[in-house]
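Working through the structure, step by step
Listed below are the residues making up each chain.
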Amino acid sequence: MGKKTIIPFGPQHPVLPEPVHVDLVVEDEKVIEAIPQIGFIHRGLEKLVQKKDFMQFVAVTERICGICAFGHSMGYSETIEILMGLEIPKRAQYLRVIWHELSRIHSHLLWLGLLADGFGYENLFMQCWRLRENVLGIFEKTTGGRVIFSACNVGGVTQDIEDGDLKGIVAILDGMRSEYEELLKTFLYDSSVKNRLSGIGYLSKQDAESLCLAGPFARASGLVEDCRLDGYGGYGDLAAFEPVLSEDGDGHARCEVRAREVYQSMDIIAEMVSKIPDTPISLPVKGMPGAGTAAVHHVEQPRGESFYYAKGNGTKFLSRFRIRTPTSHNIGGMTKILQGCDLADVALNILTIDPCISCTER
Amino acid sequence: MSSTIKSPWIIHYDASSCNGCDIEVLACLTPQYDVERFGIINTGNPKHADILLVTGSVNERNINVVQQIYEQMLEPKVVIACGICATTGGIFKECYNTLGGIDKAIPVDVYAPGCAVRPEAIIDAVVIGLGILEQKRTALEQGKLVSEKSADCVTAADKIVDGQTVRAAALKITKG
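Residues numbered from 1 in each chain as written. Chains lettered and ligands numbered in written order. Predicted model: local features only at pLDDT ≥ 70, side-chain atom pairs only at ≥ 80, totals over all residues. Heavy atoms only, no water.

A separate point is the confidence of the model for chain B. Summary statistics for chain B give a mean pLDDT of 78 and a share of 80% for residues scoring 70 or more. Across residues 149-160 of chain B, where pLDDT falls below 50, the model places 37 contacts with residues more than four positions away in sequence or in other chains. (pLDDT = per-residue confidence, 0-100. Contact = heavy atoms within 4.5 Å.)

Here you go:
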């Protein structure tokens, strides 16, 4: 047995796009404990509800995280709609689902690229990000923004997509399929990728359940955990929805789950476009969130379940707004898989949980 | 023209940004915008970097990290504030844990506003930054100063006066 040494990891590290600090307690080459330290991106955003009224606050929730931006504005808007008892038009619900699933495709392609970069497969990284630009192109065409596009609002959506453009979106995604197929083959069957990821960061189903993991991280360990199963909003009109699962629980399984979810999102978008009704896209919001009312809601973000709580007090300012984001559940799983892993696998293990520190710290 | 500005290396740090600008910084490096054709490479090591791209409005926790990265970079160096949060604090200006703008921590040479900042704006800012990098390099060669520190900056920086290195703290005293 060697002597215990503490190696600091982060906050500035080439593999991390975001700052998180982990103190790695190592014995020789083995990590025996990982102690995370956070707070590098804390802005104190929840308290802004006291300064921005409940309609303006959509813009703030959108900037909780630039990757899941649309999901957060959708989650917040739906929470306020539940709080005020609003039933928004069907077309708005469908458009929200379309943008949200497009965000999922962009987030997963981004992550697959970062993962490829993490194990030194530079070419694959570039290819993933090249494909991702198609999705950003759709965002830019339909809303004007590339990553933060303010399309969601309390009471509906701010802009419509015409039926012709909706068909165009499906055509772009169909065009991506054949190129994505090749990337998928590389991720799933390439021997160098398999060698690097298989068996890394194994987490059993029991552990995933007891640590309350969320999203693809939990689904890769075989846990059926997907808020889209609730069928809230446009998701309720899907003919069938089956979460993508894997039983292996290692890094390769997490890669596989996310890679296959891209196809699932493409199918959902195609189905939504074929079924979209012709109704208004928003309804006027009258009145204020009532005194003493509170609402909870959850949304399946690309990284897992995001939970929202809002409490009204009869004025235009909410008295409390709270979010619990997927990475705050998943950091528990991250410290678990870091225990006992090799020092060389630390960066990859942190990557495979797809941490979103901006969401977590707000 | 020196070789430095033909192939400037960049380092990126997220100082409490929302990720929106960070993924746009990364998007600059990937095929659609591909700044690597200008010799620009993303590096993780401050000592190798010429240009520091910072996103986000600094907070109490990471101000030291930003300053450390800046100090570890070798002269000449250029700092680019990417996004409106890095420029003024943006939408988070009123939050209790933001200082509002990178210039509260380190001197900034170029501002690239936008929420999220567009890749074209980042590339423009880097091109402007290259001109400044060249000026600083010439000044350095002639034995004039290095990076100017803003008055409210708390870290010490070195200046070269008549070929002698003088600590910024000492300079402050002489300034009275």
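Facing 38 residues of chain B, the contacting portion of chain A comprises 42 residues. For the chain B and chain A pair, buried surface summed over both sides reaches about 3,300 Å², with 62% attributable to carbon and sulfur atoms. The largest contributions to the chain B side of the interface with chain A come from B:I23, B:R61 and B:I91, which together make up 18% of the buried area. Taken together, the connections running from chain B to chain A amount to three salt bridges. Taken together, the links from chain B to chain A amount to 14 residue pairs in polar contact (both at pLDDT 80 or more). When contributions to the side of chain B that touches chain A are tallied by element, the ones reaching two or more residues are β1 (9-14), α1 (20-29) and α2 (63-72) of chain B. Looking at the side of chain B that touches chain A, the element that brings in the most residues is α1(B), giving seven residues. Classifying every residue of the side of chain B that touches chain A gives 19 nonpolar, 12 polar and seven charged. (Buried area = accessible area lost by both parts, 1.4 Å probe. Salt bridge = Lys/Arg side-chain N within 4 Å of Asp/Glu carboxyl O. Polar contact = N/O pair within 3.5 Å; in protein donor to acceptor, adjacent residues only side chain to side chain. Helix = DSSP H or I, 4+ residues; strand = E, 2+ residues; numbered from the N terminus. Nonpolar A, V, L, I, M, F, W, Y, C, P; charged D, E, K, R; others polar.)

Further remarks concern the sheet that holds strand β6 (residues 294-301) of chain A. Residue and element names in this part refer to chain A. Pairing within the open sheet is antiparallel, and its three strands lie in the order β6-β7-β8. The two strands at the open ends of the sheet, each matched to only one other strand, are β6 and β8 (320-324). On average, adjacent strands in this sheet sit at an angle of 15 degrees to one another, irrespective of strand direction. Relative to β8, strand β7 (residues 304-311) is paired through five bridges, and the arrangement is antiparallel. (Pairing = 2+ DSSP bridges. Axes fitted to C-alpha atoms, helices over the stretch in contact; angles between N-to-C directions.)

A separate point is the pairing of strand β4 (residues 78-82) of chain B. All names here are of chain B. Burial analysis of β4 places five of its five residues in the buried class, which makes it a mostly covered element. A two-sided burial pattern is seen for β4, the buried positions comprising V78, I80 and C82 on one face and V79 and A81 on the other. As paired elements, strand β3 (residues 51-55) and β4 share five bridges and run parallel to each other. Within the sheet, the bridge partner assigned to T55 lies in β4 and is C82. Regarding the hand of the β-α-β motif, the stretch spanning β3, α2 and β4 is right-handed. With three bridges connecting them, β4 and strand β5 (residues 110-112) associate as parallel partners. What sits directly across from A81, in β5, is Y111. (Buried < 20%, exposed > 50% of the residue type's maximum accessible area, 1.4 Å probe, protein only. Right-handed = clockwise from strand over helix to strand, strands pointing away.)

What follows is about the packing of aromatic side chains. Applying the stated criterion to the full structure yields 11 aromatic pairs over all chains. A centroid spacing of 5.1 Å and a plane angle of 90 degrees characterise the contact between A:Y76 and A:F321, whose relative ring orientation is edge-to-face. Of this pair, A:Y76 sits in helix α2 (residues 69-84) while A:F321 is found in strand β8, placing the two residues 245 residues apart along the sequence. The exposure class of A:Y76 is buried, given its relative accessible area of 0%. Assessed through its relative accessible area of 0%, A:F321 is described here as buried. Taken together through their ring pairs, the aromatic side chains of A:F57, A:Y76, A:Y308 and A:F321 make up a single cluster. A cation sits over an aromatic face here: A:R258 above A:W111, 4.3 Å from the ring centre. For B:K77, the ring lying beneath its charged end belongs to B:Y70, and the centroid distance is 4.1 Å. (Phe/Tyr/Trp six-rings, centres within 6.5 Å; stacked < 30°, edge-to-face > 60°. Lys NZ or Arg CZ within 6 Å of the ring centre and 35° of its normal.)

We now examine the pattern of salt bridges. Residue and element names in this part refer to chain A. In this structure the tally under the stated criterion is 29 salt bridges over all chains. A salt bridge links D342 to K30, with the shortest nitrogen-to-oxygen separation between them at 2.8 Å. Residue D342 is located in the loop between α10 (326-338) and α11 (346-352), and its partner K30 is located in strand β3 (residues 30-37); the two are separated by 312 residues in the primary sequence. A salt bridge links R258 to D354; the shortest N-O distance between them is 3.9 Å.

All names here are of chain A. Relative to the 39 Å expected for 27 residues at 1.5 Å per residue, helix α5 (residues 163-189) spans 38 Å between its end C-alpha atoms, a close match to the ideal helical length. At S178, α5 shows its largest kink, close to 35 degrees. Listed in full, the buried residues belonging to α5 are L166, I169, V170, L173, M176, Y180, L183, L184, T186, F187 and L188. Those residues of α5 that are buried lie in contact with α3 (90-118), α4 (122-143), α6 (191-197) and α9 (251-275). (Expected span 1.5 Å × (residues − 1). Bend = angle between axes of the 7 residues up to and from the residue.)

All names here are of chain B. The residue T87 is located in helix α3 (residues 84-87) in this model. For T87, a relative accessible area of 16% puts it in the buried group. Sequence-distant contacts of T87, that is, excluding residues within four places in its chain, are made with A81, G101, D103, Y111, A112 and P113.

A few words on unusual backbone geometry. Residue and element names in this part refer to chain B. The amide bond that connects C115 to the next residue, A116, takes the cis arrangement and shows omega of -15 degrees. Its location among the elements puts A116 in the loop between β5 and α4 (119-141). Of note, the phi angle at S16 is positive, near 55 degrees, even though the residue is not glycine. Among the secondary structure elements, S16 is positioned in the loop between β1 and α1. We note that D34 has phi near 45 degrees; this positive angle belongs to a residue other than glycine. The residue D34 is located in the loop between α1 and β2 (41-42) in this model. The exposure class of D34 is partly exposed, given its relative accessible area of 26%.

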